[in-house]
Amino acid sequence: MTHLETRNHDWLRANLRLAGLLAVIASFLFLSSLAVCGIALWSSGGLSAVAFLCSAGLGILSCIIGYVAFTAKQGRIFLEDSELMVRIGPASVEKLPLDAVECFFLGSQSLDRSGDSVASDEAAFRVGTLVVRVAERYGHLASGRRGPWACWEDGYLVVDGRWSEPLVVETLRRINGRLAVAKRQPVIDPCMSSGASEGCCG
């Protein structure tokens, strides 16, 4: 695997079924907003204030869900320059220096029927997680931020497996392999890589 591959591919992909479901809901709401307008115009020849507000509300809601659907299909973990990017939620990304990440390992989380974290003996079910282990000297990076897709727990960044591709042993090996490759790559001098000397030191 080359360094280019570690940068250009999502290390952990999203749950595409979730993104697809949200896209279907957004499309349904958008079509419903158009239908409300059409029915109002056909039945009364005009658009009443109630029909307008109902149509506008459905349209706005469809746009919001459509945006969430778009972000839901984006990779959960990926590499950008020398930083590991972990999506916490639709509009939130946690950035970690590559040197701060020691490894990834599989875990699990106990949840109640409403999806909130609980003690193991009170759990209604358990979900798989991907845990990002951060080096102790970078402990200050643990921001405590929480989101629907990932959160900080006891100094670890924990990715919820419900919103990602299946968390199996093969997935773990692939992600740790990409981490190892990325860490082995030397810093490339742009002057040497371009072959140009003008404007470069030395």
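Scoring rules and cut-offs
- Residues numbered from 1 in each chain as written.
- Predicted model: local features only at pLDDT ≥ 70, side-chain atom pairs only at ≥ 80, totals over all residues.
- Heavy atoms only, no water.
- Helix = DSSP H or I, 4+ residues; strand = E, 2+ residues; numbered from the N terminus.
- Contact = heavy atoms within 4.5 Å.
- Core = buried A, V, L, I, M, F, W, Y, C linked by side-chain atoms within 4.5 Å.
- Buried < 20%, exposed > 50% of the residue type's maximum accessible area, 1.4 Å probe, protein only.
- Pairing = 2+ DSSP bridges.
- Axes fitted to C-alpha atoms, helices over the stretch in contact; angles between N-to-C directions.

Trainee: What is the right way to look at the environment of Glu-83 in this model?
Mentor: Within the secondary structure, Glu-83 is located in strand β2 (residues 83-89). Each C-alpha atom, one on Glu-83 and one on Leu-96, is 5.3 Å from the other, the two residues being 13 residues apart in sequence. Each residue touching Glu-83, except ones within four places of it in the same chain, is listed here: Phe-78, Lys-95, Leu-96, Pro-97 and Leu-98.

Trainee: What should I look at first to understand the nonpolar core in this one?
Mentor: Taken as a class, soluble globular proteins show a tendency for nonpolar side chains to be buried jointly. Counting residues in hydrophobic clusters, the biggest one holds 24 residues, and the most contacted among them are Trp-11, Ile-77, Leu-84, Leu-96, Phe-104 and Leu-130. Elements with a minimum of two residues in this core: β1 (77-80), β2, β4 (101-111), β5 (125-134), β6 (150-153), β7 (156-160) and α4 (169-184). A per-element tally of this core places α4 first, with four residues. The contacts of Ile-77, once residues within four sequence positions are left out, are Asp-10, Trp-11, Leu-12, Leu-84, Met-85, Val-86, Phe-104, Leu-130 and Val-159. Among the nonpolar cores identified, the runner-up in size contains nine residues, and Leu-18, Leu-29, Ala-69 and Trp-149 belong to it.

Trainee: Is there a simple way to think about the sheet that holds β2 in this case?
Mentor: Sheets are built from strands paired through backbone hydrogen bonds, the pairs being either parallel or antiparallel. Here three strands make up an open sheet; going across it, the order is β1-β2-β3 and the pairing antiparallel. Looking at the sheet topology across the chains shown, the edges are occupied by β1 and β3 (92-97). Adjacent strand axes in the sheet meet at a mean angle of 30°, parallel and antiparallel pairs treated alike. Of the strand pairs in this sheet, β1 and β2 are connected by four bridges, and their pairing is antiparallel. In the sheet register, Leu-79 faces β2, and the bridge partner there is Leu-84.

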